[in-house]
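Understanding the architecture of this molecule
The primary structure of each chain is shown beneath.
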Amino acid sequence: METYFEVGAAKVNITPQSPMHLIPTSQFPRKSIGTSRPLQTRVIVTQTGREADRQQAVFVSADLIFLPRNSIASLRKQIFTKWGIAESSILLHATHTHSSPYPAYGYYASVYDSTLDEEFDNYIKGVEAAVMEGIGNALNGLEPVTIERGSGQCLFSSYRRKEEEGKWVMAPNDKGPNDQEVSVIRFKKRNGTTKALMVHYTCHPTTTYEDFYSSDYPGTAMDLIEERLEADAVSMFLQGCCGDIRPGIIREGHYVHGSESDVLRLAGLLAEEVTAVLERPLSSVKPSHLISRSQQVELPFRTVPSMDELEANQDDPGLMGRWSRKLLANPQFLTSHDTLELTYIQLANELSFLAMSGEMVVAYGLNIKQEYKGTTIPIGYTNGNAGYIPTAEQLEQGGYEAYDFFYKQGLPSPYDSRIEDLIREAISELVPSS
């Protein structure tokens, strides 16, 4: 018997109405001076079955650098209270655009708790209201659909770790791993038109650091795609494991920051590839009963500094001094481990999602695609943010994602290299064998 399957979709603007801080560059604060590309939150709700056997899942993609953990906890509670949808069936995802509001406080712990910054917290509360509005609108617009899937390639992403003179630096490396696949999932109405799309790609949205709000290439590409589709269609971007992947805007062998024209160029490339995928025959995917579950993985830090060590380093003029002063001011973050949350949602036997609450490097995404033969789509920046999640090899090598980041953001230390085995074991327990 064929499974009855419905989808609702909605989009709500979340662009701030006044200037706010953006992520700093080289420790210099920035504030927005306007909007180049509006920020949106896009929602897709799926419903399997009817009445007593009805099962629902919520997919949210917001044009933000991250959603703080306290906000995720708040949204989960609100969604369950209002609609009875379980936590394991909710994906709260950020596209990770670096041109969205960022805590003026500048401390990475704001990822955990937005209340550390009043201005940022007030904005995030507005985002929560927009998400709830979007879910309500999506539920009101549920209608029967079929599922189709296709894939293509977009070649502007670049592996950003390179060994130079014995050190791992942020530089273009054509020999490093990369994931340039574009996965497109189409939810098609009975009349043959598009109800909604999911577009999955793997690349940091760091095209530009101009002082404007911008959804960068992901949101801009979704805008372009929606202009080509039916008036009510929603195209949602899902970010892959892009921790060590960035746009390949390169001059004389070095990365450079792009401009609004580069945002439009990269977005156009992605939108054109999605359009090309939709114009080719797509594979039909038969929905199944919804399966959803989640698991938490403790990620041990390599060491936890003592207060004496921090006090001894606090006057250092460089990175270690800033790190020490941050932790002395916020000793509650001197913890032995952080937590990575994994959430698995299966919509069909050939289509599932593995969402991870960290800034996963590309090796994790490639491994998931290979291990599950492309049936499971790996997503980062979802239901929290445990910061960069490097591989064991990268933690031994060092570099920004595996060393500098942890001290720059005031975390106790880099992760212990055991984390890769812990994560892979948890994934194998959570995701059924293909």
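About the cut-offs
- Residues numbered from 1 in each chain as written.
- Predicted model: local features only at pLDDT ≥ 70, side-chain atom pairs only at ≥ 80, totals over all residues.
- Heavy atoms only, no water.
- Buried < 20%, exposed > 50% of the residue type's maximum accessible area, 1.4 Å probe, protein only.
- Helix = DSSP H or I, 4+ residues; strand = E, 2+ residues; numbered from the N terminus.
- Contact = heavy atoms within 4.5 Å.
- 1 Å grid on protein atoms, 1.4 Å probe; cavity = no way out; pocket = protein on both sides within 12 Å on 5 of 7 lines; lining within 4 Å.
- Points joined across faces, edges and corners; volume = space filled by probe spheres on them.
- Nonpolar A, V, L, I, M, F, W, Y, C, P; charged D, E, K, R; others polar.
- Pairing = 2+ DSSP bridges.
- Salt bridge = Lys/Arg side-chain N within 4 Å of Asp/Glu carboxyl O.
- Phe/Tyr/Trp six-rings, centres within 6.5 Å; stacked < 30°, edge-to-face > 60°.
- Core = buried A, V, L, I, M, F, W, Y, C linked by side-chain atoms within 4.5 Å.
- Polar contact = N/O pair within 3.5 Å; in protein donor to acceptor, adjacent residues only side chain to side chain.

Now for helix α6 (residues 319-329). Taken together, the buried positions of α6 are G321, W323, S324, K326 and L327. Taken together, the buried residues of α6 touch α5 (307-313) and α9 (400-408).

Quantified by volume, the second largest pocket comes out at close to 440 Å³. Around the second largest pocket, the lining is made up of 19 residues, and of these E2, T3, Y4, F5 and P287 lie nearest the centre. With five residues, strand β7 (residues 143-153) is the single largest residue contributor to the lining of the second largest pocket. By residue class, the composition of the lining of the second largest pocket is eight nonpolar, five polar and six charged.

With that settled, consider the pairing of strand β1 (residues 5-13). Counting buried residues along β1, seven of its nine residues qualify, which places the element largely inside the surrounding structure. When β1 meets β7, the two strands line up antiparallel, connected through two bridges. When the bridges of β7 are listed, E6 appears paired with P144.

Next up on the list: the side chain of T95. For T95, the location among the structural elements is in the loop between β6 (90-94) and α2 (118-140). Each residue touching T95, except ones within four places of it in the same chain, is listed here: S61, A62, D63, L64, P205, P218, F237 and Q239.

As enumerated under the stated definition, the model contains 23 salt bridges in all. Taking the shortest distance from any N to any O, the salt bridge between E226 and R42 comes out at 2.9 Å. On the criterion of sequence distance, the pair formed by E226 in helix α3 (residues 216-228) and R42 in strand β4 (residues 40-48) is long-range, its members being 184 residues apart. Notably, a salt bridge pairs E401 with R160, separated by 2.7 Å at the nearest N-O pair. On the criterion of sequence distance, the pair formed by E401 in helix α9 and R160 in the loop between β8 (157-159) and β9 (161-164) is long-range, its members being 241 residues apart. The exposure classification of E401 matches that of R160, with both residues buried. What you see here is one network of salt bridges that share partners, running through K11, R37, R42, D63, D223 and E226.

According to the stated counting rule, one finds 16 aromatic pairs in the structure shown. With a centroid separation of 5.1 Å and 10 degrees between ring planes, the pair formed by F301 and Y415 is classed as stacked. Highlighted residues: F301 in the loop between β18 (287-300) and α5 and Y415 in the loop between α9 and α10 (419-430), separated in sequence by 114 residues. Aromatic pair Y388 and Y400: ring centres 5.7 Å apart, planes at 85 degrees, arrangement edge-to-face. In this pair, Y388 sits in strand β23 (residues 388-389) while Y400 sits in helix α9, placing the two residues twelve residues apart along the sequence. When its relative accessible area of 5% is taken as the criterion, Y388 is described as buried. A relative accessible area of 22% means that Y400 is categorised as partly exposed.

Before going further, it helps to spend a moment on the nonpolar core. Membership of the largest hydrophobic core comes to 37 residues, with the highest contact counts inside it found for I14, V45, L64, Y123 and I135. For this core, the element with the highest residue contribution is α2, accounting for ten residues. Every residue in contact with V45, bar those within four places of it in the chain, is listed here: E6, V7, G8, A57, V58, I135, A138, L139 and L142.

On to the side chain of R37, then. Topologically, R37 is positioned in the loop between β3 (28-31) and β4. Side chain to side chain, R37 and T220 meet in a polar contact 3.5 Å long. Excluding its chain neighbours within four sequence positions, the residues that come into contact with R37 are Y213, S214, S215, T220, D223, E260 and L264.

Residue placement: E350 occurs in the loop between β19 (337-348) and β20 (351-356). Given a relative accessible area of 40%, E350 falls into the partly exposed group. Here the alpha-carbon distance between E350 and L310, two residues 40 residues apart in the chain, equals 51 Å. Excluding anything up to four places from it in sequence, E350 contacts R149, V285, K286 and T375.

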